[in-house]
Amino acid sequence: MKLSSLVRILAPALVAMACLPGPLNAQTKGDPALLRASYVQLQSALARNAYGRPLHIESSEADGNLKGDVHAVVSHPFAQVAEALSARANWCEVLILPFNVKQCLAPKGSETLTVKVGRKFDQPLKDAYGVDFKYRVLAQTANHLAVELSADKGPLSTRDYRITLEAVPIDAQRSFLRLSYSYGYGMAARMALQGYLATVGSDKVGFSVAQRNERGQPVYVGGVRGVVERNAMRYFLAVESYLDVPDDDDRRLRQWFTATERYPRQLHEMEQAEYVAMKQREVRRQRDGA
């Protein structure tokens, strides 16, 4: 098959994979004191921002690697956060919420999550791209949680995917989270992303302010950093929606959609009725395991 044909087929899956939140920074791995220090350092950014809540997003691109971090305060006790997000199977309840994830399974007796990613609209599983993520709890103590999902490769020439999350308590009712992510890419993946950004993704932006225009209005980061930031936010909101609504699929779907619609410039993709109907079918299929 010609590379151009492969790019057209796999570009949607690549963009979806680019959305999957990455590796735990080596400086903070296993050290809750450093995560708490980040919370202190980010006080100004968490208190005053355009998100309308204590949240901060960073992203970067260098040498064929994309990375990013979402820091946020959530209104959930640390014990609840740790119990919910240290369980491998619960991550499938998180990952199924964004548009592009078609299925997530946590096979019994395994340390993996089998994830199918594809287009934003409803599609058969046979047309989605499968990735097996190795799941690990890196740290779980009374004041620190760190979990990681990793995959060596994805669509086209992408590699070294990581989905990681750290959390520490702030007080009896709140926790501080960092959702981190990264992946590497080669020439084929670069072509696919460039094609996406030149067509359907040409008018899409991220959340970081790259500069201000002559009227003082924000000009948001675009390109691959915009892709990473949009999807980092989607996955953070998926984590939070699961924490808010752990036991009601339909209400969780609606909550996630409502949360994304607070940022329509970046995150709007379809109407709520279309999203809920699609995801209800996908959740039922996921529950059936096929």
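Scroll up for the structure.
Okay, so let's go over this structure. (Residues numbered from 1 in each chain as written. Predicted model: local features only at pLDDT ≥ 70, side-chain atom pairs only at ≥ 80, totals over all residues. Heavy atoms only, no water.)

**What to know about the overall build of the protein**
For the protein, the helix and strand inventory stands at 10 helices and 10 strands. Within the protein, the fraction of its 290 residues that count as buried is 52%. Surface exposure of the protein reaches about 12,900 Å², of which carbon and sulfur atoms provide 50%. (Helix = DSSP H or I, 4+ residues; strand = E, 2+ residues; numbered from the N terminus. Buried < 20%, exposed > 50% of the residue type's maximum accessible area, 1.4 Å probe, protein only. Areas by Shrake-Rupley, 256 points an atom, 1.4 Å probe, with all protein chains shown as cover.)

**A few points about helix α8 (residues 249-260)**
Here α8 is 12 residues long and its end C-alpha atoms lie 17 Å apart, about the 16 Å a rise of 1.5 Å per residue gives. Looking only at α8, the buried set comprises Arg252, Leu253, Trp256, Phe257, Ala259 and Thr260. Projected onto a plane normal to the axis of α8, the buried residues spread over an arc of 160° and lie on a single side. Close packing links the buried residues of α8 with α5 (90-95), α7 (223-244), α9 (264-267) and α10 (272-288). Two or three places before Asp250, at the opening of α8, Asp248 has a side-chain oxygen 3.3 Å from that residue's backbone nitrogen. (Expected span 1.5 Å × (residues − 1). Arc of directions from axis to C-beta. Contact = heavy atoms within 4.5 Å. Polar contact = N/O pair within 3.5 Å; in protein donor to acceptor, adjacent residues only side chain to side chain.)

**Some words on the pairing of strand β6 (residues 144-153)**
Where burial is concerned, most of β6 is hidden: 8 out of the 10 residues are buried. Note: strand β5 (residues 129-141) against β6, 7 bridges, orientation antiparallel. Looking at β6, one finds that Val137 is bridged to Val147. (Pairing = 2+ DSSP bridges.)

**Some details on the side chain of Asn231**
Here Asn231 is to be found in helix α7. With a relative accessible area of 3%, Asn231 lands in the buried category. A distance of 3.0 Å separates polar atoms of two side chains, one belonging to Asn231 and the other to Arg234.

**Description of the packing of α8 against α10**
Packing of α8 against α10 leaves a shortest axis separation of 10 Å and a crossing angle of 135°. In terms of orientation, α8 and α10 fall into the oblique class. Crossing of α8 over α10 shows right-handed handedness. Here α8 contributes Asp249, Asp250, Arg252, Leu253, Arg254, Trp256, Phe257 and Thr258 to the contact with α10, which in turn contributes Gln272, Tyr275, Val276, Lys279, Gln280, Val283 and Arg287. Residue composition of the contact of α8 with α10, by class: 6 nonpolar, 3 polar and 6 charged. (Axes fitted to C-alpha atoms, helices over the stretch in contact; angles between N-to-C directions. Parallel < 35°, antiparallel > 145°, perpendicular 65-115°, else oblique. Left-handed = near helix turned anticlockwise from the far one by under 90°. Nonpolar A, V, L, I, M, F, W, Y, C, P; charged D, E, K, R; others polar.)

**Some details on the state of the cysteines**
Scanning all chains against the criterion turns up 1 disulfide. Here Cys92 is linked by a disulfide to Cys104, with a sulfur-sulfur distance of 2.1 Å. Measuring the twist about the S-S bond at about -65°, one finds the Cys92-Cys104 disulfide to be left-handed. Here the residue Cys92 occupies a position in helix α5, and Cys104 occupies one in strand β3 (residues 101-105), the gap between them amounting to 12 residues. Grouping residues by exposure puts Cys92 and Cys104 together as buried. (Disulfide = S-S within 2.5 Å.)

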